[in-house]
Amino acid sequence: SLPPVITIDGPSASGKGTVAARVAERLGFHYLDSGSLYRLLALHAKQRGIDWSDEPGLAAAAAALPVDFSCGGMRLDGIEAGNIIRSEEIGIGASRVGALPAVREALLARQRAFRCLPGLVTDGRDMGSVVFPDATLKVYLTASAECRAERRHKQLIEKGESANLPQILHDIVERDARDAARPVAPLRQEPDALLLDTTALAIDQAVDQVLGWFAARQ
Ligand code: C5P
């Protein structure tokens, strides 16, 4: 049988990436941040002059994306890209390219290739619904929009970047609406996904909840 998979889907800035990475660490599993693939594709397209609406061009680029996740880092065309792809601009690009069916199709096999022993923890928007429908455990992780905006705001301030809370909240609400309204792989809680609302939870409490749910399925 295939290696176990835990999928953690949810809206932007919900903390799912942090929770997923820590769950993977505690279990000694591999970790795939699927949003980074969409972000890397948006960056790659920008560098190559491929328009974020050019579906065939982007699908071809996605299938051949020169990305390397080995050694912890994230290299695009041999260049460290982990920080560059975190910008708001690339986030918007990721959500634009992610709305194109041919792009999602081209990234399917690449995402499934991360399912290796001893197991995989992955986060995104459609990990449980489309990429790993047979996942061992599916979690839908969310928090109120205000709470997510405050967390993102705090992160930016800590990084020494300028941040405007009302603007961040506005961007989050807009991105959620775009991710939920798109016809392909929209953001939504699957019927078989367990809801984890972290509005009033610390990260470690969320991590323990996921580990507890997973242990109960073993
Ligand atoms: O999670 P993150 O903010 O890095 O994702 C950036 C964008 O990539 C999301 O807004 C979403 O549109 C897209 N995405 C997606 N499917 C995923 C992960 C991310 O469409 N599995």
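A brief structural summary. Keep in mind the model is a prediction, meaning the values are calculated, not measured.

Side note on the pattern of salt bridges
All told, the structure shown has 15 salt bridges when counted by the stated rule. Of the charged contacts, one joins Arg 26 and Asp 208 as a salt bridge, the two residues approaching to 3.2 Å between their closest N and O atoms. Taken together, the residues Arg 26 in helix H1 (residues 16–27) and Asp 208 in helix H9 (residues 203–217) connect sequence positions 182 residues apart. The class for Arg 26 is exposed, based on a relative accessible area of 54%. The exposure class assigned to Asp 208 is partly exposed, which follows from its relative accessible area of 42%. Residue Asp 179 pairs with Arg 182 through a salt bridge whose shortest N-O separation is 3.8 Å.

Overview of the site of the ligand
Taken together, 16 residues lie near the ligand, and Ser 34, Arg 39, Arg 104, Asp 179 and Arg 182 sit nearest. At 2.9 Å from a nitrogen atom of the ligand is found a side-chain nitrogen or oxygen belonging to Ser 34. A distance of 3.0 Å separates an oxygen atom of the ligand from a polar side-chain atom of Arg 125. In the complex, 97% of the free accessible area of the ligand, which totals 450 Å², lies under the protein chains. At the level of elements, helix H2 (34–48), helix H4 (88–97) and helix H8 (165–181) are the ones that each hand at least two residues to the shell around the ligand.

Quick look at the nonpolar core
Leu 40, Leu 41, Leu 58, Val 103 and Phe 132 are the most contacted members of the largest nonpolar core, which has 33 residues in total. Mapped onto this core, the elements with two or more residues apiece are H2, helix H3 (55–63), H4, helix H5 (101–112) and helix H6 (127–131). In terms of residue count, the dominant contributor to this core is H2 (seven residues). For this core, the two domains that each supply at least three residues are domain 1 (1–29 + 118–218) and domain 2 (35–114). Leave out the neighbours within four places in its chain, and Leu 41 touches Leu 58, Ala 61, Ala 62, Leu 65, Val 97 and Val 103.

Considerations on H2
For H2, with 15 residues, the first-to-last C-alpha span of 21 Å sits near the 21 Å given by 1.5 Å per residue. Summarising burial for H2: 11 of the 15 residues are buried, a large majority. Those residues of H2 that fall on the buried side of the exposure criterion are Ser 34, Ser 36, Leu 37, Tyr 38, Arg 39, Leu 40, Leu 41, Ala 42, Leu 43, His 44 and Ala 45. One side-chain oxygen of the residue at the start of H2 lies 3.2 Å from the amide nitrogen of Gly 35, identifying that residue as Asp 33.

Reading guide: rules and limits
- Residues numbered from 1 in each chain as written.
- Predicted model: local features only at pLDDT ≥ 70, side-chain atom pairs only at ≥ 80, totals over all residues.
- Heavy atoms only, no water.
- Salt bridge = Lys/Arg side-chain N within 4 Å of Asp/Glu carboxyl O.
- Helix = DSSP H or I, 4+ residues; strand = E, 2+ residues; numbered from the N terminus.
- Buried < 20%, exposed > 50% of the residue type's maximum accessible area, 1.4 Å probe, protein only.
- Near = heavy atom within 4 Å.
- Polar contact = N/O pair within 3.5 Å; in protein donor to acceptor, adjacent residues only side chain to side chain.
- Areas by Shrake-Rupley, 256 points an atom, 1.4 Å probe, with all protein chains shown as cover.
- Core = buried A, V, L, I, M, F, W, Y, C linked by side-chain atoms within 4.5 Å.
- Domains from an automatic or database assignment.
- Contact = heavy atoms within 4.5 Å.
- Expected span 1.5 Å × (residues − 1).

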